[in-house]
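# Architecture and fold: a report
What follows is the residue order along each chain.
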Amino acid sequence: MNSTSMHTQCVHSGQEADLLHGETVSAIYPGSSYAYLDRDLKAYPRYFNTPNQRAVAQKVAALEAAEAGLITSSGMAAISNTLLAFLKQGDHLVMQYGLYGGTTHFIQEHFPRQGIHFSQAKDGSLAALEAEIRPETKVIYIETPSNPLLAITDVAAVARLAKAQGILTVIDNTFASPINQQPISLGIDISLHSATKYLGGHSDLCAGVVTGRAELVQQIAGVAKGYGGSLNAQSCYLLERSIKTLALRVKQHNQNALALATYLEGRHDIIQVYYPGLPSHQGHETAATQMKGFGGMLSFELAAGIDPIAFQKKLRLIQASMSLGGVESTLCSPHLTSHAYLSPEERLKEGISDGVLRLSVGIEAVGDLQADIAQALG
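All figures in this text were calculated on a predicted structure; none of them were measured in a lab. (Residues numbered from 1 in each chain as written. Predicted model: local features only at pLDDT ≥ 70, side-chain atom pairs only at ≥ 80, totals over all residues. Heavy atoms only, no water.)

### Notes on the overall build of the protein
As a reminder, the rule being used: Helix numbers and strand numbers start at the N terminus; a helix is a DSSP run of H or I with at least 4 residues, a strand a run of E with at least 2. The atom set for the radius of gyration is the C-alpha atoms, and the globule formula is 2.2 Å times the number of residues raised to the power 0.38. Per-residue accessibility, obtained with a 1.4 Å probe over protein chains only, is compared with the maximum for each type, and a residue is labelled buried under 20%, exposed over 50%, and partly exposed between these values. Contacts: residue pairs with any heavy atoms within 4.5 Å of one another. Computed with a 1.4 Å probe, the accessible areas rest on the Shrake-Rupley method; for each residue, only the protein chains presented here act as cover.
Scanning the protein for helices and strands turns up 14 helices and 12 strands. Rg of the C-alpha trace for the protein: 21 Å, near the compact-globule value of 21 Å for 378 residues, within the 12% margin. Projected onto the principal axes, the alpha-carbon positions of the protein cover approximately 70 × 55 × 35 Å. Of all 378 residues assigned to the protein, the portion counted as buried reaches 57%. A fraction of 73% describes how many contacts in the protein between residues 6 or more apart in sequence connect residues 24 or more apart. With the model as given, the accessible surface of the protein reaches about 15,900 Å², and the carbon-plus-sulfur share is 53%.

Laid out in structure tokens, this is it:
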């Protein structure tokens, strides 16, 4: 559809018309076997092309301003299949400084077995990223805002750098969501999501998304068919339904997170708050140029002497939980969850101390969230 309104695209893009009964929602097509004679499309769940898979892929592609999309069974399926589609033995990958721990672990564990080389920027600057480029570099991989310290990378600058040298760019856009950030419009080739997070938004499904130019998505799908990782019709339906309210939910996440980050920054028992919406954040100006909202994620570091585990156990409303992006507020210790795969030395190098807590701010009344934190800090 041609509408430029994100709210309208969330509701209508990709929806399968029900010609039999005239339903206002997409029907669920649970079949694992489809007719193929005299048909151009040979539908099969592992081929990522059944009706429900196509519907939600088209919806996310519209939101990302991309030509095509692909729905996978998890965010890591989207990440791994994308990287393996464009990297082979002897190729080189440049990684941004500070990535989701699961991504780093996958690269460190699996790339050496396949003879794929990789290096990570020494800091968050564009110059550090450029310094790692080699003649055999095929992909630059970034994530902004980053997990868990909400570091901001200049997306357009990375895209220009890569294009000048014929390098493919891939971004993890999970924390921003397509409502707040459209990397493809800024020149990035492929934008990925853990749809388990904001796209799903209700902590009840696990999925991943790939978006980009049609020929690139087709190449990724070709690899993904061999590795599996397809998503079932019921989960696709739930994801499509959830995305219909994405713009409304993200607006509230943005408002609540900014208010809560401002509140935390004023407390003496919090050492530092990491949120790109704060003027004090190192990447605030860059974020303001490439994001429409600053997102619902923030992290903060407790003052010395405050036990982060005891603090989490005292919370009554905010839940200590592994994941993020739901309508409910959740909190976790990255060193025990998202970055547990990294060594203590690697975590400290990236600034992730045991006192750092990652907060996914939900859509509750922000005053209630502030009160819950205040009582837990005592």
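### Here we look at the packing of helix H2 (residues 51-63) against helix H9 (residues 233-243)
Put simply, the rule is: Only the stretch in contact is used when fitting a helix axis, every axis being a line fitted to C-alpha atoms; angles between N-to-C directions are given from 0 to 180 degrees. Small angles under 35 degrees read as roughly parallel and large ones over 145 as roughly antiparallel, with 65 to 115 read as roughly perpendicular and the rest as oblique. Should the near helix be turned counterclockwise from the far one by less than a right angle, the crossing is left-handed, whereas a clockwise turn marks it as right-handed. Here the term charged refers only to Asp, Glu, Lys and Arg, the term nonpolar to Ala, Val, Leu, Ile, Met, Phe, Trp, Tyr, Cys and Pro, and the term polar to all other amino acids, Gly among them.
Interaxial distance between H2 and H9 falls to 8 Å at its minimum, and their mutual angle equals 30°. On the basis of their axis angle, the class for H2 and H9 is roughly parallel. Pair H2 / H9 crosses with left-handed handedness. Contact residues: Asn52, Gln53, Ala55, Val56, Lys59, Val60 and Leu63 in H2; Ala233, Cys236, Tyr237, Leu239, Glu240 and Ile243 in H9. Broken down by class, the residue content of the contact of H2 with H9 amounts to 9 nonpolar, 2 polar and 2 charged.

### Let's talk about the packing of aromatic side chains
Applied cut-off: Stacked, tilted and edge-to-face are the three classes applied to pairs of Phe, Tyr and Trp rings, where Trp contributes its six-membered ring and a pair requires centres within 6.5 Å; stacked means planes under 30 degrees apart, edge-to-face means over 60, and tilted covers the rest. By definition, being over a ring means that NZ of Lys or CZ of Arg is both within 6 Å of the ring centre and within 35 degrees of the ring normal.
Across all of its chains, the model carries 4 aromatic pairs by this definition. Seen in terms of ring centroids, Tyr44 and Tyr47 are 5.3 Å apart; in terms of plane orientation they differ by 70°. Their pairing is edge-to-face. In this structure Tyr44 comes out as partly exposed when scored by relative accessible area, which is 35%. Between Phe300 and Phe311, the ring centres sit 6.3 Å apart and the planes meet at 85°, which makes this aromatic pair edge-to-face. Within this pair, whereas Phe300 is found in strand S9 (residues 297-302), its partner Phe311 is found in helix H12 (residues 308-314), the two being separated by 11 residues in sequence. Each member of the pair, Phe300 together with Phe311, is buried. Put simply, the rings of Phe106, Phe111 and Phe118 pair up and form one aromatic cluster. Above the face of the Tyr47 ring, Lys225 is positioned so that its terminal group lies 4.9 Å from the ring centre.

### Quick notes on the pairing of strand S1 (residues 68-72)
Counted only if it meets this: Any two strands with at least two DSSP-identified bridges between them are counted as paired.
A large share of S1 lies buried, amounting to 4 of its 5 residues. One ladder, built from 5 bridges, connects S1 with strand S7 (residues 208-212); its direction is antiparallel. Counted as the bridge partner of Gly69 is Thr211 from S7.

### With respect to the sheet that holds strand S12 (residues 356-360)
Read from one edge to the other, the open sheet built from 5 strands follows the order S8-S9-S12-S11-S10, with strand pairing classed as mixed. Among the strands making up the open sheet, the edge pair consists of strand S8 (270-274) and strand S10 (319-320). Sheet topology places strand S11 (residues 330-332) next to S12; 3 bridges connect them, and they run antiparallel. Of the residues in S12, the one forming a bridge with Thr330 is Ser360.

### Brief notes about the packing of helix H3 (residues 75-86) against helix H4 (residues 101-114)
Axis separation between H3 and H4 bottoms out at 11 Å; the angle between their running directions is 35°. Every pair of crossing elements has a handedness; the one defined by H3 and H4 is right-handed. Across from Met76, Ile79, Ser80, Leu83 and Leu84 in H3, the residues of H4 making contact are Gly102, Thr103, Phe106, Ile107, Phe111 and Gln114.

### As for the environment of Thr82
Residue placement: Thr82 occurs in helix H3. Thr82 sits in the buried class, given a relative accessible area of 0%. Measuring from C-alpha to C-alpha, the distance between Thr82 and Val223 comes to 8.2 Å, with 141 residues separating the pair along the chain. When near neighbours in sequence (up to four residues on either side) are disregarded, Thr82 contacts Val170, Ile190, Leu192, Val210 and Ile220.

### A short note on the side chain of Ser353
By secondary structure assignment, the location of Ser353 is in the loop between helix H13 (344-349) and S12. Residues contacting Ser353, with those up to four places away along its chain left out, are Glu301 and Leu348.

### Re the sheet that holds S1
Strand pairing in a sheet is mediated by backbone hydrogen bonds. Such pairs are either parallel or antiparallel. Taken together, the 7 strands give an open sheet; going across it, the order is S1-S7-S6-S5-S4-S2-S3, and neighbouring strands pair in mixed fashion. If you trace the sheet from one side to the other, it starts and ends with S1 and strand S3 (117-120), each paired once. Direction aside, the axes of adjacent strands within the sheet are offset by 20° on average. Of the strand pairs in this sheet, strand S5 (residues 168-172) and strand S6 (residues 190-194) are connected by 3 bridges, and their pairing is parallel. Within the sheet, the bridge partner assigned to Ile171 lies in S6 and is Ser191. Packing against the sheet, H3 makes contact with S1, strand S2 (92-95), strand S4 (137-143), S5, S6 and S7, and its axis sits at approximately 155° to S6.

### Quick word on the nonpolar core
For clarity, the cut-off: Only buried Ala, Val, Leu, Ile, Met, Phe, Trp, Tyr and Cys residues count toward a nonpolar core, and they belong to the same one when joined by side-chain atoms within 4.5 Å.
Judged by nonpolar contacts, the single largest core of 29 residues is most densely connected at Leu83, Phe86, Leu93, Phe111, Val139, Tyr141 and Ile190. Elements supplying a minimum of two residues to this core: S1, H3, S2, H4, S4, S5, S6 and helix H8 (214-227). Here this core gets 6 residues from one element, more than from any other, and that element is H3. Not counting residues up to four positions away in its chain, the partners in contact with Leu83 are Leu93, Phe106, Ile107, Phe111, Val139 and Tyr141.

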